[in-house]
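# Summary of the model geometry
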Amino acid sequence: MDVLELAEVPLPKFGSGEVLVKIIAAGLNPVDWKIRLGLLKGRMPHQFPIIPGWEASGIVEAVGSEVIGFRKGDEVFAYTRKEKIQDGTYAEFIALEPRHLALKPKNLRFEEAAAIPLAGLTAYQSLFESLKIKKGETILIHAGAGGVGGYAIQLAKNSRVKVITTASSRNHQYVQQLGADKAIDYTKKDFVQAVLQDFPQGIDAVFDTVGGEFQKKSAGVLKKGGRLTSILEIDQDYFSQRGITPGYVFVRPEPDHLNQLRELAEAGKLTVHLHKLFSLDQVREAHREIETGHVRGKIILSLV
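Residues numbered from 1 in each chain as written. Predicted model: local features only at pLDDT ≥ 70, side-chain atom pairs only at ≥ 80, totals over all residues. Heavy atoms only, no water.

Counted by the stated rule, this structure contains 16 salt bridges. Salt-bridge contacts for Glu129 lead to Arg252; the nearest nitrogen and oxygen are separated by 2.8 Å. With Glu129 in helix α3 (residues 117–130) and Arg252 in the loop between β11 (245–248) and α9 (255–266), the pair connects residues that are 123 residues apart, well separated along the chain. Residue Arg252 is classed as partly exposed on the basis of its relative accessible area, which comes to 32%. (Salt bridge = Lys/Arg side-chain N within 4 Å of Asp/Glu carboxyl O. Helix = DSSP H or I, 4+ residues; strand = E, 2+ residues; numbered from the N terminus. Buried < 20%, exposed > 50% of the residue type's maximum accessible area, 1.4 Å probe, protein only.)

Bringing the environment of Pro200 into the picture now. Position of Pro200 relative to the elements: it lies in the loop between α6 (191–198) and β9 (203–208). When its relative accessible area of 61% is taken as the criterion, Pro200 is described as exposed. Placed 22 residues apart in sequence, Pro200 and Leu222 show a C-alpha to C-alpha distance of 9.8 Å.

Whenever strands of a sheet pair, they do so through backbone hydrogen bonds, lying parallel or antiparallel. Judged by pairing direction, the sheet is parallel, and its 6 strands sit side by side in the order β8-β7-β6-β9-β10-β11 without closing on themselves. The outermost strands of the open sheet, each flanked by one partner alone, are β8 (182–184) and β11. Adjacent strand axes in the sheet meet at a mean angle of 20°, parallel and antiparallel pairs treated alike. Sheet analysis places strand β6 (residues 138–141) next to β9, joined by 3 bridges and oriented parallel. Each residue of the ladder has a partner; that of Ile141, found in β9, is Phe207. Packing against the sheet, α3 makes contact with β6, β9, β10 (222–230) and β11, and its axis sits at approximately 150° to β9. (Pairing = 2+ DSSP bridges. Axes fitted to C-alpha atoms, helices over the stretch in contact; angles between N-to-C directions. Contact = heavy atoms within 4.5 Å.)

A separate point is helix α4 (residues 147–158). In a regular helix each residue adds 1.5 Å, so 12 residues correspond to 16 Å; α4 covers 17 Å between its end C-alpha atoms and thus fits that length. With 10 of 12 residues buried, α4 is to be regarded as a mostly interior element. Burial in α4 covers these residues: Gly147, Val148, Gly149, Gly150, Tyr151, Ala152, Ile153, Gln154, Leu155 and Ala156. Directly beyond the C-terminal end of α4, a positive phi value near 60° is found at Arg160. (Expected span 1.5 Å × (residues − 1).)

Orientation of α3 relative to α9, taken along the N-to-C sense of each, is 105°, at an axis distance of 10 Å. Relative to α9, the element α3 lies roughly perpendicular. Taken together, the residues of α9 that come into contact with α3 (itself represented by Pro117, Gly120, Leu121, Tyr124, Gln125 and Glu129) are His257, Leu258, Gln260 and Leu261. (Parallel < 35°, antiparallel > 145°, perpendicular 65-115°, else oblique.)

Centre-to-centre distance and the angle between the planes together describe a pair of aromatic rings. Throughout the structure, instances matching the rule amount to 6 aromatic pairs. Taking the centre distance of 6.3 Å and the plane angle of 75° together, the rings of Trp54 and Tyr79 count as edge-to-face. Of this pair, Trp54 sits in the loop between α1 (30–36) and β2 (55–63) while Tyr79 sits in strand β3 (residues 75–79), placing them 25 residues apart in sequence. For Trp54, a relative accessible area of 6% translates into the label buried. Measuring from centroid to centroid gives 5.7 Å for Tyr186 and Phe214, while their planes differ by 75°, and the two rings are edge-to-face. Separated by 28 residues along the polypeptide, Tyr186 in the loop between β8 and α6 and Phe214 in helix α7 (residues 212–217) bring together distant segments of the chain. A residue is classified by how much of its surface remains accessible, and Tyr186, at 34% relative accessible area, is partly exposed. Accessibility expressed as a relative area gives 23% for Phe214, which makes it partly exposed. Clustering of aromatic rings is evident, with ring pairs tying together Trp54, Tyr79 and Phe250. Positioned above the aromatic ring of Phe250, the side-chain terminus of Arg81 is 4.5 Å from the ring centre. (Phe/Tyr/Trp six-rings, centres within 6.5 Å; stacked < 30°, edge-to-face > 60°. Lys NZ or Arg CZ within 6 Å of the ring centre and 35° of its normal.)

See the structure below:
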């Protein structure tokens, strides 16, 4: 934790094709502590000193001369991952290309809007681009009480997909409120047996947010020709050899998808659950909290 410290830095420079955003709230994600520990240094270029954080909401402070679609004063939310890890959202300002941004849902507070971009886009791209879920199918979503899993449950239900999820007993009521048709306590039951009890022929799809043995065991719930997509390292051959279509998603900035999420939120079809709010000077405590792996919803840093 000692590598996290507050510091004064210059106001970010922004080019003619960029937008300067004053950050009101920033979302925390597991990827943040993994970056802090150096676990992604082999996958993405980085440059020190690093400001962590990949998602935020805020107000447009200034707009480059070539930018179309945004103006000073616009309330926005953003998935801010760039090609190089350096300038993140644990800061008062950030310079971004328009592809990172969308107008903030009008009905959400800044803290709520900051909880959507990374987790919401991850769920959206996994379900609709990788798994290509369809009305009437059945899906198993692992860790439904987490940030990504919670959005995935809602997006699947909006598409009239039957949803099974893994969650501890204390989170069953929560995931059912999100739309899960069946919740399995993975600490007390074998989730494979629990799924096959209701669906002996197997189900259509699995969305894996856990990895490891959970991921491999998930092959046992899928019918032949089923699909599994993970946001963690995946052994493609392992699933292909079992007649399962494997997929891997590393979420990318996509304004059209952000706008889809905004519209769903404004229509009341995508709700946000905040686990806890922290101030910027409490960032170490916030990282300790998210590292527990037992977060319901999202942790948010308030920058005001």
